[in-house]
Amino acid sequence: LEHMDNLVSWGQDQIKGWHKQASALQMNQGSHEGTVVTAEVFDVMRRVQVQNKLAGVCEDMCKEVGAYPKCTQCPKFVEPDSTPGVMTWDELLEHMDNLVSWGQDQIK
């Protein structure tokens, strides 16, 4: 929970900084029509940065609350291997296909 408190304070600090930057951008643009577009683009860029930064943290939070590995809300979540150290038929067939293509490349 301490980690969540740290995230909250970090997020609030980031938002304050973004508001300052957005205000500065709007002031620099004056009354041009491009101001709204620039602010929107800036907002989207920052949202993407935040989502990418939180992607790794999301899995950690799910582990803490016991939702891992059935974590459906984390972006780009890849479920861990359900059979670690054991090759399934699908994995074996994929491996054999890779060997065939590797062998063909070696012959060329």
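This write-up is about the structure you can find in this document. (Residues numbered from 1 in each chain as written. Predicted model: local features only at pLDDT ≥ 70, side-chain atom pairs only at ≥ 80, totals over all residues. Heavy atoms only, no water.)

On to the overall build of the protein chain. The helix and strand tally for the protein chain stands at three helices and zero strands. For the protein chain, the sequential pattern of α-helices and β-strands runs α-α-α. Counting across all 108 residues of the protein chain, residues that qualify as buried make up 12%. Restricting the contact set of the protein chain to residue pairs at least 6 apart, pairs at least 24 apart contribute 33%. Working note: accessible area of the protein chain is about 9,100 Å², and carbon and sulfur atoms make up 58% of it. (Helix = DSSP H or I, 4+ residues; strand = E, 2+ residues; numbered from the N terminus. Buried < 20%, exposed > 50% of the residue type's maximum accessible area, 1.4 Å probe, protein only. Contact = heavy atoms within 4.5 Å. Areas by Shrake-Rupley, 256 points an atom, 1.4 Å probe, with all protein chains shown as cover.)

Moving on: the layout of surface pockets. Within this model, the largest pocket holds a volume of roughly 240 Å³. Taken together, eleven residues make up the lining of the largest pocket; nearest its centre are Ile15, Trp18, Asp43, Arg46 and Arg47. Where the lining of the largest pocket is concerned, the elements lending two or more residues are α1 (2-29) and α2 (34-65). Sort the elements by how many residues they give to the lining of the largest pocket and α2 lands first, with seven residues. A per-class count over the lining of the largest pocket returns six nonpolar, two polar and three charged. (1 Å grid on protein atoms, 1.4 Å probe; cavity = no way out; pocket = protein on both sides within 12 Å on 5 of 7 lines; lining within 4 Å. Points joined across faces, edges and corners; volume = space filled by probe spheres on them. Nonpolar A, V, L, I, M, F, W, Y, C, P; charged D, E, K, R; others polar.)

On to the environment of Glu59, then. Inspection of the secondary structure puts Glu59 in helix α2. Residue classification places Glu59 among the partly exposed positions, given a relative accessible area of 25%.

The grouping of Met96, Leu99 and Trp102 at the surface amounts to a nonpolar patch, some 320 Å² of accessible area in total. For Trp102, the position within the fold is in helix α3 (residues 89-107). Using a relative accessible area of 53% as the deciding quantity, one classes Trp102 as exposed. (Patch = residues over 30% accessible without salt bridge, like charges linked within 9 Å, V, L, I, M, F, W, Y side chains within 5 Å. Salt bridge = Lys/Arg side-chain N within 4 Å of Asp/Glu carboxyl O.)

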